[in-house]
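One-letter residues, chain by chain:
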Amino acid sequence: MEKFYTDCLERFSTLHKEIKSALDGLPAEALDWYPAEETNSINVLVVHLASAERFWAADVPLGQDSDRVRAEEFKTAGLTTDELDAHLDDTLAAIEAGFNQMTLTDLEEMRYSRQHDMHVTAAWAILHALDHSAMHVGHIQLTRQWWEASVKN
């Protein structure tokens, strides 16, 4: 695997470790808790983040069609911490498998996202996935903090 991809994989792995740390010790009800209207639960955030990662860091850069149904991610409920961890692990494995197939030249190749009706380079797709994931890791961490504050009151 090219160094660029190794570095990206390390960043995805680090973000996943941060998520797993934020999930550690949370009761089931915390995973489906919504802090306010127009927000998302931890279950939704993790599934959405992982699905978007797979889409943008593996499917799009490889030029593969995706079976992702984004709207369904926001209906997620009832998953356990173990199930969320497994979802993250499966996503990381898919990204790693994709990166193992790619060269540095592939980063400059244009790819088409049918779901977004847009053309992007493979590099843009991967960097977008990292940026998007980092943002949602913060949301997950804040949701845990809000949950903990709500149960103290």
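Going by the structure above, here's the rest.
Residues numbered from 1 in each chain as written. Predicted model: local features only at pLDDT ≥ 70, side-chain atom pairs only at ≥ 80, totals over all residues. Heavy atoms only, no water.

1. Quick notes on the side chain of Glu73
Right, on to step 1. Relative to the helices and strands, Glu73 resides in helix H4 (residues 70-73).
Right, on to step 2. Separated by 2.6 Å, the side chains of Glu73 and Arg68 make a polar contact.
Right, on to step 3. Setting aside residues no more than four positions away along its own chain, Glu73 makes contact with Val44, Val47, His48, Ser51 and Arg68. (Helix = DSSP H or I, 4+ residues; strand = E, 2+ residues; numbered from the N terminus. Polar contact = N/O pair within 3.5 Å; in protein donor to acceptor, adjacent residues only side chain to side chain. Contact = heavy atoms within 4.5 Å.)

2. Considering the environment of Asp65
Right, on to step 1. You can see Asp65 is positioned in the loop between helix H3 (42-59) and H4.
Right, on to step 2. Residue Asp65 is classed as exposed on the basis of its relative accessible area, which comes to 65%.
Right, on to step 3. Between the C-alpha atoms of Asp65 and Ser113, which are 48 residues apart in sequence, the distance is 8.5 Å. (Buried < 20%, exposed > 50% of the residue type's maximum accessible area, 1.4 Å probe, protein only.)

3. Thoughts on the nonpolar core
Right, on to step 1. Phe12, Ile19, Val46, Trp56 and Phe99 are the most contacted members of the largest nonpolar core, which totals 39 residues.
Right, on to step 2. Every element with two or more residues in this core is listed here: helix H1 (3-23), helix H2 (28-31), H3, helix H5 (81-101) and helix H6 (122-152).
Right, on to step 3. Top element by residues in this core is H3. It accounts for 10 residues.
Right, on to step 4. With residues near it in sequence (within four places) discarded, Val46 still touches Ile19, Leu23, Leu84, His87, Leu88 and Ile140. (Core = buried A, V, L, I, M, F, W, Y, C linked by side-chain atoms within 4.5 Å.)

4. Here's the deal with the pattern of salt bridges
Right, on to step 1. Counted according to the given criterion, the structure contains 7 salt bridges.
Right, on to step 2. Note that Arg11 is salt-bridged to Glu10, the shortest N-O span being 3.3 Å.
Right, on to step 3. The shortest N-O distance in the salt bridge between Arg68 and Glu73 comes to 2.6 Å. Summarising the burial analysis for this pair, Arg68 and Glu73 share the class buried. (Salt bridge = Lys/Arg side-chain N within 4 Å of Asp/Glu carboxyl O.)

5. As for the side chain of Arg68
Right, on to step 1. Tracing the chain through its elements places Arg68 in the loop between H3 and H4.
Right, on to step 2. We classify Arg68 as buried; its relative accessible area is 10%.
Right, on to step 3. With near-sequence residues (within four places) excluded, Arg68 lies in contact with His48, Ser51, Ala52, Phe55, Trp56, Glu73 and Gln115.

6. Examining unusual backbone geometry
Right, on to step 1. In the Ramachandran plot, Glu38 falls in the positive-phi region, its phi being about 65° despite a non-glycine side chain.
Right, on to step 2. Tracing the backbone shows Glu38 in the loop between H2 and H3.
Right, on to step 3. The backbone phi angle of Asp117 is positive, close to 50°, even though this residue is not glycine.
Right, on to step 4. Given a relative accessible area of 59%, Asp117 falls into the exposed group.

7. Things to note about the packing of H3 against H6
Right, on to step 1. Taken N-terminus to C-terminus, the directions of H3 and H6 make an angle of 170°; their axes are 9 Å apart at the nearest point. With respect to their mutual orientation, H3 and H6 come out roughly antiparallel.
Right, on to step 2. When the residues that make up the contact of H3 with H6 are grouped by side-chain class, the tally is 13 nonpolar, 7 polar and 2 charged. (Axes fitted to C-alpha atoms, helices over the stretch in contact; angles between N-to-C directions. Parallel < 35°, antiparallel > 145°, perpendicular 65-115°, else oblique. Nonpolar A, V, L, I, M, F, W, Y, C, P; charged D, E, K, R; others polar.)

It is worth stressing that arrangement in space is one thing and function is another; only the former is reported here.
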